[in-house]
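For reference, the chains in residue letters:
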Amino acid sequence: MRAGFKFRNKHTGDFGVTAQTQSRPIRPETKKQIFETPYADDDYDFSEANMHGRKFYKSRTFKMDLKVAADNLSALQKKLSKLAAWLMGKGDLTFDDSPLVKWDADVEDTIEYKPEHGKSAVLSVLFKVKSFAKLIFDVIEGPYLDDEIFLDDDIPIDTSSCFTFSGTGRHSHVVMNIGDAPVKPVITISGASGSVTLTCNGHKLTVGGNCIADCEHQHVTNNDGSHMENVSGTFFELAPGENIITVSGTSTIEVKYEPRYLHDADLSEVKWDE
C-alpha cells in the first residue's frame with residue numbers, strides 16, 4: 001500500500017520520497033498474564049485481574065519502505081543524510097490515508113539501506129508506536145480550522161459543551177467516550193463550595209473542592225500547586241461508549257480527554273447531541 005506520512009512535523013513529500021507500507025497491524029497484541037498449575041487442566045488467564053477489570057496491550061511496530069531517488073550518487077547521499085536526521089527520536093506520526101488520528105512514534109532500530117542502480121535507494125524504517133492512536137484534537141478544544149475534517153462528520157462548533165456538566169447536590173451525567181479504547185480523563189472541577197466526590201465505573205474519587213484531577217498521571221492540582229493532601233479514593237477511566245459519572249457536591253465538571261482508536265476514527269458515527 002502506497003501512502004505518504006508526516007513525522008515530527010515533516011512530510012515524506014518534503015523530501016521527495018515515495019512511501020510504501022509493509023506492515024501496519026490494525027490492533028495491538030494483548031498483554032497476557034497466564035498461570036499454569038501442574039495439578040489442574042488448562043491454565044488460568046489473569047489478564048483482566050486488575051483494578052480496571054480489562055486487558056491491556058503492547059506497543060506495535062509499523063514497517064515502512066521509503067523509495068529515494070536523486071540525479072546522481074552524491075545528491076543521493078546528501079538526501080539520505082537529511083532523511084537520517086529526520087528519522088531520529090520521537091514524534092507524532094500521521095498517515096495520509098487516516099488523517100484524523102496520530103500515533104506516538106519512535107524510530108528505535110537501525111534503518112536498512114538498500115541501494116538501487118546507483119542513483120536510488122530503499123530505506124526500511126521501523127516505527128515503534130503506542131498501542132492506540134489518538135484523535136488529532138481533544139474533546140474540549142475541538143478541531144482547528146486547518147484540521148482535515150470530513151464534511152459528513154457533523155462535528156459541533158463547540159465540542160466542549162458536550163463534555164461540561166453542572167448540578168447541585170448529587171447529580172449524574174452521561175459522558176461519552178467517542179473512541180474505541182479506554183481513556184483516562186482530566187477533570188476540571190469549578191464552582192464547588194466544599195469537597196466533591198466523583199463516582200464512575202466502580203471507582204470513587206474525592207477531592208477538596210475546585211481543582212484539576214488528572215486520571216492519566218494520577219495527580220490533582222489547584223491554583224496553589226499540588227492538591228493531593230485533600231484526595232482519597234482511586235482514579236478512573238472511561239470505557240468506550242456511554243459512562244455515568246455521579247457527582248456528590250454542587251459543582252461544574254469539565255471532562256477532557258484525547259479519544260483513542262485501534263486503527264482509524266469515524267466521527268460520522270458519533271452522537272454528539274445525546
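Here, the structure is the one placed above.
Since this is a predicted model, take the numbers as computed values, not measurements. (Residues numbered from 1 in each chain as written. Predicted model: local features only at pLDDT ≥ 70, side-chain atom pairs only at ≥ 80, totals over all residues. Heavy atoms only, no water.)

Hydrogen bonds between backbone atoms are what pair the strands of a sheet, whose relative direction is either parallel or antiparallel. Across the sheet, five strands lie side by side as β13-β21-β15-β16-β20; this open sheet has antiparallel pairing. Because the sheet does not close on itself, it has two edges, and the strands there are β13 (170–177) and β20 (232–233). Two elements, strand β16 (residues 203–207) and β20, share two bridges in a ladder whose sense is antiparallel. Directly across from Leu205, in β20, lies its bridge partner Gly233. (Pairing = 2+ DSSP bridges. Helix = DSSP H or I, 4+ residues; strand = E, 2+ residues; numbered from the N terminus.)

Quick look at helix α1 (residues 73–86) now. Compared with the 20 Å implied by 1.5 Å per residue over 14 residues, the 20 Å span of α1 between its first and last C-alpha is a close match. Leu76, Leu80, Leu83 and Trp86 are the residues of α1 that are buried. All buried residues of α1 fall inside an arc of 115° around its axis, so they share one side. Within α1, the exposed residues directed more than 90 degrees away from the buried face are Lys78 and Lys82. (Expected span 1.5 Å × (residues − 1). Buried < 20%, exposed > 50% of the residue type's maximum accessible area, 1.4 Å probe, protein only. Arc of directions from axis to C-beta.)

For the rest of this paragraph, the subject is a nonpolar patch on the surface. A cluster of nonpolar side chains, namely Phe35, Tyr44 and Phe46, defines an oily patch on the protein surface of about 320 Å² accessible area. Looking at where Tyr44 falls in the secondary structure, it is placed in strand β5 (residues 44–45). Classification of Tyr44 by relative accessible area gives partly exposed; the value is 41%. (Patch = residues over 30% accessible without salt bridge, like charges linked within 9 Å, V, L, I, M, F, W, Y side chains within 5 Å. Areas by Shrake-Rupley, 256 points an atom, 1.4 Å probe, with all protein chains shown as cover. Salt bridge = Lys/Arg side-chain N within 4 Å of Asp/Glu carboxyl O.)

Here we take up the environment of Pro240. Along the chain, Pro240 turns up in the loop between β20 and β21 (241–248). Looking at Pro240, the relative accessible area reads 41%, which means it is partly exposed. Once residues lying within four places of it in the same chain are set aside, the contact partners of Pro240 are Asn177, Gly179, Asp180, Ala181 and Pro182. (Contact = heavy atoms within 4.5 Å.)

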